[in-house]
Amino acid sequence: MKTPGLALAAATIVAAVLAACAEPPAVAPVGGPVAPPVTVAPVVTAAPVVTAAPVVTAAPSAAPVGKGSSTPVGASRFVEEARRLGVDWKRPLAQIPLASKKKLMPLFVRSLGYESCSGCHVDGDFKTETRNLKIARQMWDHFLVGMRDAKGEPIFCDTCHAGKPKNLDRADMPALKLFMESDYKGKLTRADKNDNGCGLCHGYPFEGRLIEKVWGISAK
Ligand code: HEC
Ligand code: HEC
Ligand code: HEC
């Protein structure tokens, strides 16, 4: 890189000297070395590499598809672990033997992405009926007992939560409805083999705020 500059400087000096000597014809040959800096320009045309920018424009297309950022229904990481504990999915949570219930609790914590048991329990007290405990029990009784995945296999809390307590994006309601249609209706089936319609979770007539209005758990 220095060379062209030096060559240019040298050429300039030579040119100046030649100009001083007032011998125009000799300037032409000297023009040779001066030319290279011009060929440096093509290197600048390496700018087209910047046109690699279109690759960046590919990213946005992977973003919103009009369903908002609700957590998609996905494969469970914990179904197998819960199965090894010998859990009977057909039973309401309250009827699961205490010993297996205790073994399930860490899976609740991990499914919801909570830091500890205090996500649902008051410190050191596992009996108090907190809001999240009541919701968790209904989630088990309605969804784990009543729902299956697309292949008819059991699901677990992480199927819908994937580490997030708040898994719905309510900022855009039309988008949330599309998400419900594609994921909660489309990717889940029912243990009783009925069609998985919106009303089977939301009730008839349709009630969006299912936790509060259908299950009767106050928002607090
Ligand atoms: C996502 C909510 C949630 C989290 C997190 C959670 N639990 Fe629970 N836990 C429940 C629910 C719901 C019940 C009640 C089940 C029922 O109806 O019997 C329960 C019941 C219990 C019981 C039985 C209480 C009794 O005597 O009837 C124990 C013990 C317990 N949990 C321990 C834990 C421990 C330890 C942790 C942390 C590793 C934990 N829980 C985390 C929801 C949760
Ligand atoms: C069919 C999907 C689905 C399954 C399966 C499911 N949940 Fe949920 N859960 C939800 C939705 C949707 C909400 C509402 C989240 C929101 O408001 O963003 C929710 C909310 C909750 C909340 C309240 C969180 C908060 O901070 O308000 C708790 C606790 C909870 N679920 C526990 C559980 C547990 C425990 C299980 C497994 C026994 C479970 N869920 C299984 C869909 C599911
Ligand atoms: C597997 C059960 C399930 C099915 C099937 C289901 N939903 Fe939901 N839906 C939920 C849960 C759980 C919530 C959270 C409820 C709450 O926070 O009280 C929810 C929330 C919603 C909300 C947000 C309501 C509000 O006021 O914030 C809308 C809208 C909604 N669902 C529409 C639908 C539509 C439309 C369908 C059918 C295409 C459908 N849902 C199917 C479980 C289900």
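Here, every reference points to the structure presented above.
Residues numbered from 1 in each chain as written. Chains lettered and ligands numbered in written order. Predicted model: local features only at pLDDT ≥ 70, side-chain atom pairs only at ≥ 80, totals over all residues.

Asker: Please clarify how the nonpolar core should be interpreted in this entry.
Answerer: Nonpolar side chains tend to gather and get buried jointly when the protein is soluble and globular. If you look at the biggest cluster of nonpolar residues, it comprises 14 residues, and the most contacted ones within it are Ala82, Leu104, Phe108, Ile155, Phe156 and Cys157. Going through the elements one at a time, helix H5 (79-84), helix H6 (98-112) and helix H7 (131-146) are the ones with two or more residues in this core. Ranked by residues supplied to this core, first place goes to H6 with four residues. Non-local contacts of Phe108, meaning those with residues more than four positions away in its chain, are made with Ala136 and Cys157. (Core = buried A, V, L, I, M, F, W, Y, C linked by C-beta atoms within 7 Å. Buried ≥ 20, exposed ≤ 12 C-beta atoms within 10 Å, placed from the backbone. Helix = DSSP H or I, 4+ residues; strand = E, 2+ residues; numbered from the N terminus. Contact = placed C-beta atoms within 7 Å.)

Asker: How should I be thinking about the site of ligand 3 in this particular structure?
Answerer: In the region of ligand 3, 20 residues are neighbours, and Met180, Cys198, Cys201, Gly208 and Ile211 sit closest. At the level of elements, helix H9 (173-185), helix H10 (198-202) and helix H11 (210-214) are the ones that each hand at least two residues to the shell around ligand 3. Among the elements that line the shell around ligand 3, the one with the most residues is H9, at seven residues. A class-by-class count of the residues in the shell around ligand 3 yields 11 nonpolar, three polar and six charged. (Near = placed C-beta within 6 Å. Nonpolar A, V, L, I, M, F, W, Y, C, P; charged D, E, K, R; others polar.)

Asker: Can you walk me through the site of ligand 1 in this structure?
Answerer: The environment of ligand 1 is made up of 20 residues, and the closest members are Met105, Cys117, Cys120, Phe126 and Ala136. Take the shell around ligand 1: its biggest share by element is seven residues, from H6. Here the residues of the shell around ligand 1 sort into 13 nonpolar, three polar and four charged.

Asker: It is not clear to me how the environment of Gly66 should be interpreted in this structure. Could you clarify?
Answerer: Inspection of the secondary structure puts Gly66 in the loop between helix H4 (53-56) and H5. In this structure the C-alpha to C-alpha distance between Gly66 and Phe179, which are 113 residues apart in sequence, comes to 8.5 Å. Apart from the residues lying within four places of it in its own chain, the contact partners of Gly66 are Ala175 and Leu178.

Asker: Looking at this structure, how should I read the environment of Arg148?
Answerer: If you trace the backbone, Arg148 turns up in strand E1 (residues 147-149). For the pair Arg148 and Arg190, spaced 42 residues apart in sequence, the C-alpha separation works out to 5.5 Å. Residues within four places of Arg148 in sequence aside, it is in contact with Glu153, Pro154, Ile155, Thr189, Arg190 and Ala191.

Asker: Sorry if this is basic, but what is going on with H6 here?
Answerer: Helical geometry: 3.6 residues make up each α-helical turn, so side chains three or four residues apart lie on a common side. For H6, with 15 residues, the first-to-last C-alpha span of 21 Å sits near the 21 Å given by 1.5 Å per residue. Remark: the principal bend of H6, roughly 25 degrees, maps to Leu104, with a proline, Pro106, within the next four residues. All buried positions along H6 are accounted for by Leu104, Leu107, Phe108, Ser111 and Leu112. The inward-facing, buried residues of H6 abut H5, H7 and helix H8 (157-161). Downstream of H6 by a residue or two, Gly113 has a phi angle that is positive, lying close to 75 degrees. (Expected span 1.5 Å × (residues − 1). Bend = angle between axes of the 7 residues up to and from the residue.)

Asker: Would you mind going over unusual backbone geometry with me for this structure?
Answerer: The phi angle of most residues is negative, glycine excepted, and most peptide bonds adopt the trans form. With an omega of -5 degrees, the peptide bond between Tyr204 and Pro205 qualifies as cis. Note that Pro205 resides in the loop between H10 and H11. Backbone geometry places Ala162, a non-glycine residue, at a positive phi of 45 degrees. Turning to its location among the elements, Ala162 is positioned in the loop between H8 and H9. A positive phi angle, close to 65 degrees, is found at Lys193, a residue other than glycine. Relative to the helices and strands, Lys193 resides in the loop between strand E2 (188-190) and H10. Residue Lys193 is classed as exposed on the basis of its 9 C-beta neighbours within 10 Å.

Nothing here speaks to function; it is all geometry.
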